[in-house]
Amino acid sequence: MTAKQKIRDVIKKALADTPYPEKLKEEILVLPAAREEFGDFYTNFAFKMVDSQNPSPQTAALYLKEKILSSAPDFIEKVEVKNGFVNFFLKRGVYLRMLSEISSGKSEIVNPFPAMGKKVLIEFVSSNPTGPLTVAHGRQAAFGESLARILKHAGFEVTKEYYLNDGGRQIKLLGESLRARYFRLKGEECAIPDEGYEGEYLIDIAKEVKDENISFGKFAADYIMAGIKKDLAEFNVNFDRWVKESDFLTGGMVEELLKILEGRGLVYSSEGATWFKSSAYGDEKDRVVIKSDGSYTYLAPDMAYHRDKIDRGYDMLVNIVGPDHHGYIPRIKAIVESFGFNPERLKFIIVQLTTLYRGKEKLSMSTRKGQFVSLRQLMDEVGPDASKFFFIFRKAESHLDFDLELAKKKSVENPVYYLQYAYVRMKHILKFAGENGIDVMNLNPDMALLKEPEELSIARKLAFFPDTVESVVNTFGVHLLAEYLLELAKIFHSYYHKHRVVTENRELTAARIVLVSALLQVFSKALELLNISLPDEM
RNA sequence: GCGCCUGUAGCUCAAGGGAUAGAGCAUCUGCCUUCUAAGCAGAGGGUUGCCCGUUCGAAUCGGGCCAGGCGUACCA
């Protein structure tokens, strides 16, 4: 049980023994204290207790404090009441013990949370195989992968899926565009269709075409998809399943679905087309599923896909999409609701666009015209780790300014290097200690020798790691973990400058080695969750 | 017009309705015979776009404005 859970229990016990047992129904919030003067954890519960007995939060807090202290919890050093907040100060020994546990790999601080039997499906990237992944997809990929890792760490059973649109009009246009490029290469006049793809990547693909009787659409899509998979693999973003739109079409699932919906009066014909009555579930208007030319819209197979997701029994569905899809959300919510799935359990995360800068210069992009920076180019220029870090250290719903020059810089301005430098320093200390005859793996020092305030600050910060993970789970704010890590790096760098770890004092050295290796455990785990690798040397 | 996102220090951004709104960069001042100075210590910098409201308490929630971005297809 973590210190925080223990505190919550102590508060519950205190309340059970008071005239306010009904207050227990409310959630008791225990959070890491923002400043060390406010202790280690605090609760704002006194604010909820204000009534005739407790006319002010302050009196309620004092009352709570008395009750808590009378139960004499052994891990609490003191409890302070300030401005109605109840602040808990933990005993130093709690932290010292925690450091030993973390460094030996036995601590619940770094280990995954217990499995809770909740299944979550995350669908992300889902880019069409009509062109290479762009920087926008890269951001979605980095965010989705990291969110998946964090949810898994927090005890969810996570499945990652990529839905690919390999049929329909866009693929047809893609095929015609490739065909045009192919014949142009042979010196023949051939126009790219009006809404076709003008990107130069099709020229490269056209060079690979050996036989002009092939299906150009399929050839291009397969070729591009192979590239997408390669890019994602290099980005270390991996999917459990690749779901093809065409499977829902050829498998008859779309037809079946529409029949069911028709039977329920949710699908009808009008103006030569077939419509889904999404307005019955809050969409602003109904949506076409079969066009008047008889072909399906993108929505029809996607509806079948979502029905399939529901059938597979997930507790939560997460769809990570770009801002261009936000108008699409109500209709997907409508289809899941029509199948009795609470739309609240379908979360859409809109990852906003990224604007690339080269120093002050803004890089303009237009996908249709083929003027864009691909994820591939970005990785080649700044590297996968720097790319990923910049993508996730801002909130998903914020527009992101990404400065290529900054991402490449090997200096303080670049947070990626700041983290890497901290990591390398930790590794190097352990290596140096080993070279000086200290058996780093087998230490059992007296941790009470750690008396510096900075040492306690580090331990305190490490104790907050599970809370940070919890915050990410509650808000889907992956950036919170990146910020946590930067703060951790900062207090470590500061400690490093103020105090030497490896000294003549063998006992103190041993205790500090345990501290550093605990730090390294948390640091490594957090980086793994962010999907960022780190070098051993810099 | 309608919908979504954004508006916080000079710049890029944090901050579950909580305490004195925080970081980094930039600017200024210091620090390398000692585990990598890709680092550290310190200083200045704010009417959280504006106006009302809800609340013990609002950057955060609601309403109304203003500004920027995106969307508003029988495209995906």
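That block above? That's the structure.
In this text the structure is predicted, and so the values were computed from the model without any measurement.

Q: With reference to specific residues and values, describe helix 17 (residues 453-463).
A: Judged by how many residues are buried, helix 17 sits mostly within the fold: nine of eleven residues are covered. Taken together, the buried positions of helix 17 are Glu454, Glu455, Ser457, Ile458, Ala459, Arg460, Lys461, Leu462 and Ala463.

Q: Account for the sheet that holds strand 1 (residues 30-32), with residues named and values stated.
A: Across a sheet, paired strands are connected by hydrogen bonds in the backbone, their directions being either parallel or antiparallel. Ordered in space as 1-2-4-3, the four strands form an open sheet in which the pairing is antiparallel. Looking at the sheet topology across the chains shown, the edges are occupied by strand 1 and strand 3 (76-82). Ignoring which end each strand starts from, the neighbouring axes of this sheet average 25° apart. Bridge count between strand 3 and strand 4 (residues 85-90): six bridges; the pairing is antiparallel. Its bridge partner lying in strand 4, Lys78 is registered against Phe89.

Q: Residue-level account of the packing of aromatic side chains, with values.
A: The full count for this structure, using the stated rule, is 22 aromatic pairs. Relative to Phe393, the ring of Phe390 has its centre 5.7 Å away and its plane inclined at 85°; by these criteria the two rings are edge-to-face. When its relative accessible area of 11% is taken as the criterion, Phe393 is described as buried. Every member of this aromatic cluster is reached through a ring pair, and the members are Phe235, Phe389, Phe390, Phe391, Phe393 and Phe402. Across the ring face of Phe75, the terminal group of Lys6 is positioned such that the distance to the ring centre comes to 5.2 Å. Geometry around Phe341 places Arg345 over its ring, the cationic atom sitting 4.3 Å from the centre.

Q: So what's going on with the environment of Tyr296? Which residues, and what values?
A: Summarising the element assignment, Tyr296 is placed in the loop between strand 10 (287-290) and helix 11 (299-311). For Tyr296, a relative accessible area of 29% translates into the label partly exposed. Separated by 53 residues in sequence, Tyr296 and Val243 have C-alpha atoms that sit 18 Å apart. For Tyr296, the contacting residues outside a window of four places in its chain are Leu249, Val254, Glu255, Leu258, Val289, Ile290, Lys291 and Pro301.

Q: Break down unusual backbone geometry for me, with residues and values.
A: Phi is positive for Asn236, which is not a glycine, with a value near 60°. With respect to the element layout, Asn236 can be found in the loop between helix 8 (216-234) and strand 7 (241-244). The phi dihedral of Phe476 is positive, around 60°, even though this residue is not glycine. A relative accessible area of 14% means that Phe476 is categorised as buried.

Q: Tell me about the protein's contact with RNA strand B, residues and numbers included.
A: By nearness alone, 64 residues border RNA strand B, and Asn128, Asn165, Arg394, Tyr421 and His428 come closest of all. Counting only the atoms of RNA strand B that lie within 4 Å of the protein, the sugar and phosphate share comes to 64%. Between Asp401 and RNA strand B, the recorded distance is 3.3 Å, taken from a backbone N or O atom to a phosphate oxygen. Arg425 places a side-chain nitrogen or oxygen 2.5 Å from a phosphate oxygen of RNA strand B. Those elements giving two or more residues to the surface near RNA strand B turn out to be strand 4, helix 6 (169-185), strand 15 (400-403), helix 16 (415-435) and helix 19 (479-498). Top element by residues in the surface near RNA strand B is helix 19. It accounts for eight residues.

Reading guide: rules and limits
- Residues numbered from 1 in each chain as written.
- Chains lettered and ligands numbered in written order.
- Predicted model: local features only at pLDDT ≥ 70, side-chain atom pairs only at ≥ 80, totals over all residues.
- Heavy atoms only, no water.
- Buried < 20%, exposed > 50% of the residue type's maximum accessible area, 1.4 Å probe, protein only.
- Helix = DSSP H or I, 4+ residues; strand = E, 2+ residues; numbered from the N terminus.
- Pairing = 2+ DSSP bridges.
- Axes fitted to C-alpha atoms, helices over the stretch in contact; angles between N-to-C directions.
- Phe/Tyr/Trp six-rings, centres within 6.5 Å; stacked < 30°, edge-to-face > 60°.
- Lys NZ or Arg CZ within 6 Å of the ring centre and 35° of its normal.
- Contact = heavy atoms within 4.5 Å.
- Near = heavy atom within 4 Å.
- Polar contact = N/O pair within 3.5 Å; in protein donor to acceptor, adjacent residues only side chain to side chain.

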